[in-house]
Number of protein chains: 2
Amino acid sequence: MDAIRGGEHMTGRPTIKEVSKIAGVSFKTVSRVLNNEKHVSEETRRRVEEVVARLNFRPSQAARMLAGRRSFQVALLYDNPSPYYVYHIQAGAQQRCTELGYRLLLQPVDSQAAGLVADVMALVDEAHLDGLILSPPVTEIASLLDALDARGLPYVRIAPGIRAGAGLATTMDDVAAAREVTRHLIGLGHRAIAFIPGPESHVSSANRLRGYREELEGHGIAFDPGLIVAGDYSFTSGSEAARKLLDGSPKPTAIFAGNDDMAAGALAMAHERDIAVPDQLSIAGFDDSDLAKAVWPPLTTLRQPVRELAWAAADLMLGEHTLGSQLVLNHELKVRMSTGPARVKPIT
Amino acid sequence: MDAIRGGEHMTGRPTIKEVSKIAGVSFKTVSRVLNNEKHVSEETRRRVEEVVARLNFRPSQAARMLAGRRSFQVALLYDNPSPYYVYHIQAGAQQRCTELGYRLLLQPVDSQAAGLVADVMALVDEAHLDGLILSPPVTEIASLLDALDARGLPYVRIAPGIRAGAGLATTMDDVAAAREVTRHLIGLGHRAIAFIPGPESHVSSANRLRGYREELEGHGIAFDPGLIVAGDYSFTSGSEAARKLLDGSPKPTAIFAGNDDMAAGALAMAHERDIAVPDQLSIAGFDDSDLAKAVWPPLTTLRQPVRELAWAAADLMLGEHTLGSQLVLNHELKVRMSTGPARVKPIT
DNA sequence: CTGAAAGCGCTTACAG
DNA sequence: CTGAAAGCGCTTACAG
């Protein structure tokens, strides 16, 4: 016998009818007050609100969903291995939804699963969703986008890759951001700058690589494939990539990793080999995750406005907007101690 | 005009009545099949299930909540600044709830807020919750526990401090765990072992301090208040505590921090002062968070079964249990490179 | 094993 | 500005 049985816990719950009786109005009028509709006299409104507060009345979401055309409920879909990323995406979306009177369902999904589209549509039906927020890489599943479009269901994407210009979206400029990091390293005198891109499944990987390359070439530095070793956004992959780069040729004086986890991996490899950072090797990351400030030396990185992207996504979908359907948010270079002038002490 | 208006998206949604019509039975029979009730002939069941699958029918959660006595919906309350902790607590609870057919609402709260109890009870009413999972420090709010008890609402607590023996709970033994870490350090020859406890608001802080102290005294090593400097579980506070410890007297040969964030902070301070870890100073953490493996050298720490604690909490509340109402999960010491033999090279 | 009736607590659409 | 009726899509309690 499980603990949930019995269910006598609905005891105290008042309903709209009890409120209306005490306030001396019809329950329809209480409904008007609750929904902030026009055409309620100031005095009636005040009286109803007083009773609502006194009884601690909260309308049943289930009844509203069933009777009304809107559920005031949306879901955030995510499938990201980074606790840091998920935490902040959740926080941003949650905050804006709460402010706007929506409940947000936080829904982890498996973007590789065959049944993904069916599962999401099941959620849409069961929960009567009014809309969806998609975070990468759920943003890249064409069949899901098609199903949502066919259904006419509103959704916003955060940092989408495919169909980037279509529909509602919030993004940052990965290309420009990667150029900034690269420019910072070039400015410190580095010429042999290695880059560790992320996995191909993420659009951000290709965009950051492109920014790195464009900036190099803008400064007349030839792109050298020997300085590129891909990772998969994990710490371990960053470590392995750094090992290959340090063993390869040409020897880099700086490593720019596509995210902070990989930068931390590269940094660990430098420590393991007694390579001084930044005196012998500069290392830069991307994201400005919690990790960036927790390693030694703290990482130079590019702050991605994760929380803001999710906040703005919710706002774009649920708020009162006339301005547009796409929003590009600002990033910011964070210079810390892991980058410094080139070749103070060459690697031996 | 916002994107959500219009709401023509319910178009395709089939109902239980349409299913029943196609299957040639009453809609009550469909309901029986959906709820896995007895007394449905095998053939009828099969026919209904076939139609359900073909139409991709999903029952409205709202209608079930309204008509039934159970909502099949529970909430996880959390108020923890650690993305790592929140991510794994969510994952564990989410998994078990999904397996058992419950929807889990992930609800961040402000445990310091005056209106907390009212807000939670509002959630209970609005969402018709069948139960709640409380994670630290939400577990410690007596007024909330009282309100839930008064309402007769089932809840489980993860690692509770107050009223620890009462009600449903999953925990780990912080005292024994801290003793294990301390024993490891003593076994390496350390005698001047500093400890950085967390904030007093968390019960785990006091328990880990107690374990540290008990183990020392069990080995005939006097407890020295000069080797205790408190932090608040943050990286920065760990760094500051380490600074004071390294400047104070007696000089520690090992530092045991109450969590990994503070251990990482202590490690950064050692790097800043060019103190070799572990040759001159051993550092141990607690949690085995992602951080533990991302810093250099990787931290010796104690694995707290965060995900399992949440999984078991959901299971305890929703599953079929007869065994008991409290569950103590196992922890595990993870020895990595940040700890080593004492005084190989004394700090100068 | 199966079904017809009543009702959950609200919103909608229609009156006045 | 306010109200009475109908109904959302299910489960419950009662019959057969």
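Basis of the calculations
- Residues numbered from 1 in each chain as written.
- Chains lettered and ligands numbered in written order.
- Predicted model: local features only at pLDDT ≥ 70, side-chain atom pairs only at ≥ 80, totals over all residues.
- Heavy atoms only, no water.
- Helix = DSSP H or I, 4+ residues; strand = E, 2+ residues; numbered from the N terminus.
- Rg over C-alpha atoms; globule rule 2.2 N^0.38 Å.
- Buried < 20%, exposed > 50% of the residue type's maximum accessible area, 1.4 Å probe, protein only.
- Contact = heavy atoms within 4.5 Å.
- Near = heavy atom within 4 Å.
- Polar contact = N/O pair within 3.5 Å; in protein donor to acceptor, adjacent residues only side chain to side chain.
- Nonpolar A, V, L, I, M, F, W, Y, C, P; charged D, E, K, R; others polar.
- Pairing = 2+ DSSP bridges.
- Axes fitted to C-alpha atoms, helices over the stretch in contact; angles between N-to-C directions.
- Domains from an automatic or database assignment.
- Buried area = accessible area lost by both parts, 1.4 Å probe.
- Salt bridge = Lys/Arg side-chain N within 4 Å of Asp/Glu carboxyl O.
- Least-squares fit on C-alpha atoms with pLDDT ≥ 70 in both.

Some details on the overall build of chain A
Point 1. Within chain A, the regular secondary structure consists of 13 helices and 11 strands.
Point 2. For chain A, the C-alpha radius of gyration of 26 Å lies well beyond 20 Å, the compact-globule estimate for 348 residues.
Point 3. Principal-axis analysis of the C-alpha atoms gives chain A an extent of 85 × 45 × 40 Å.
Point 4. For chain A, buried positions account for 57% of its 348 residues.
Point 5. Excluding contacts between residues fewer than 6 apart, the proportion of contacts in chain A whose partners are at least 24 apart in sequence is 71%.

Re the protein's contact with DNA strand D
Point 1. Neighbouring DNA strand D are 25 residues, the closest being Thr-29 and Arg-32 of chain A together with Ile-16, Lys-28 and Ser-31 of chain B.
Point 2. Among the atoms of DNA strand D close to the protein, meaning within 4 Å, 62% are from sugar or phosphate groups.
Point 3. At 2.9 Å from a phosphate oxygen of DNA strand D is found a side-chain nitrogen or oxygen belonging to Ser-26 of chain A.
Point 4. Measuring from a phosphate oxygen of DNA strand D, one finds a backbone N or O atom of Ile-16 of chain B at 2.8 Å.
Point 5. Where the surface near DNA strand D is concerned, the elements lending two or more residues are α2 (27-34) and α4 (61-67) of chain A together with α2 (27-34) and α4 (61-67) of chain B.
Point 6. A per-element tally of the surface near DNA strand D places α4 of chain B first, with four residues.
Point 7. Tallied by class, residues from the surface near DNA strand D come to 10 nonpolar, 10 polar and five charged.

Let's talk about unusual backbone geometry
Excluding glycine, residues mostly carry a negative phi; peptide bonds, for their part, are mostly trans.
Point 1. At the junction of Val-277 of chain A and Pro-278 of chain A, the peptide bond is cis and its omega measures out at 10° in the coordinates.
Point 2. Residue position: Pro-278 of chain A is located in the loop between α11 (260-272) and β8 (282-284).
Point 3. Cis rather than trans, the peptide bond between Ser-249 of chain B and Pro-250 of chain B has omega equal to 0°.
Point 4. Within the secondary structure, Pro-250 of chain B is located in the loop between α10 (235-247) and β7 (254-257).
Point 5. Here Asn-36 of chain A, not a glycine, exhibits a phi torsion of approximately 55°, which is positive.

A look at the protein's contact with DNA strand C
Point 1. Lining the immediate surroundings of DNA strand C are 25 residues, of which Ile-16, Lys-28 and Ser-31 of chain A together with Thr-29 and Arg-32 of chain B lie closest.
Point 2. Counted by atom, the contact set of DNA strand C within 4 Å of the protein is 63% sugar and phosphate.
Point 3. Where the surface near DNA strand C is concerned, the elements lending two or more residues are α2 and α4 of chain A together with α2 and α4 of chain B.
Point 4. For the surface near DNA strand C, the leading source of residues is α4 of chain A, giving four residues.
Point 5. The residue inventory of the surface near DNA strand C, partitioned by class, reads 10 nonpolar, 10 polar and five charged.

What about the sheet that holds β7 of chain B?
Residue and element names in this part refer to chain B.
Point 1. In spatial order, the strands read β6-β7-β8; together these three strands make up an open sheet with parallel pairing. Each of the sheet's edge strands pairs with one partner strand only, and the pair in question is β6 (193-196) and β8 (282-284). Shown here is a sheet whose adjacent strand axes are inclined to one another by a mean of 15°, direction ignored.
Point 2. Here β6 pairs with β7 via four bridges, running parallel. Note on β7: the bridge partner recorded for Ala-194 is Ile-255.
Point 3. Running at roughly 165° to β6, helix α9 (residues 203-218) makes contact with β6 and β7 of the sheet.

Side note on the domain arrangement of chain A
Residue and element names in this part refer to chain A.
Point 1. Under the domain assignment, chain A is made up of domain 1 (8-59), domain 2 (73-172 + 307-328) and domain 3 (174-304).
Point 2. Computed from C-alpha coordinates alone, the two centres of domain 2 and domain 3 are separated by 30 Å.
Point 3. Taken together, the contacts link nine residues of domain 2 with 12 residues of domain 3.
Point 4. With both chains or domains summed, domain 2 and domain 3 bury close to 860 Å², and 58% of this area falls on carbon and sulfur atoms.
Point 5. Together, Tyr-84, Met-172 and Glu-308 form the three largest contributors to the area buried by domain 2 at its contact with domain 3, with a combined 59%.
Point 6. Scanning the region where domain 2 abuts domain 3 turns up one salt bridge.
Point 7. The closest approach of N and O atoms between Glu-308 and Arg-303, which form a salt bridge, is 3.0 Å.
Point 8. Looking at the side of domain 2 that touches domain 3, the elements with two or more residues in it are α5 (83-99) and α13 (306-318).
Point 9. Within the side of domain 2 that touches domain 3, the residues separate by chemical class into five nonpolar, two polar and two charged.

A word on the interface of chain B and chain A
Point 1. With 70 residues of chain B at the contact, the number on the chain A side is 70 residues.
Point 2. For the interface between chain B and chain A, the tally reads four salt bridges.
Point 3. Counting across the chain B and chain A interface gives nine residue pairs in polar contact (both at pLDDT 80 or more).
Point 4. Elements that contribute at least two residues to the side of chain B that touches chain A include exactly α4, α5 (83-99), β2 (103-108), α6 (116-127), α11 (260-272), α12 (290-294) and α13 (306-318) of chain B.
Point 5. With six residues, the single largest contributor to the side of chain B that touches chain A is α5 of chain B.
Point 6. Counted by class, the side of chain B that touches chain A contains 36 nonpolar, 18 polar and 16 charged residues.

Side note on the relation of the copies chain B and chain A
Point 1. Superposing chain B onto chain A takes a rotation of 180° combined with a translation of 0.0 Å along the rotation axis, leaving an RMSD of 0.0 Å. Put plainly, the chains are arranged around a two-fold axis. Within chain B, Ala-62 of chain B has its C-alpha nearest the rotation axis, a separation of 2.1 Å.
Point 2. The share of interface residues of chain B whose copies in chain A are also at the interface is 100%, consistent with both copies meeting through the same surface.

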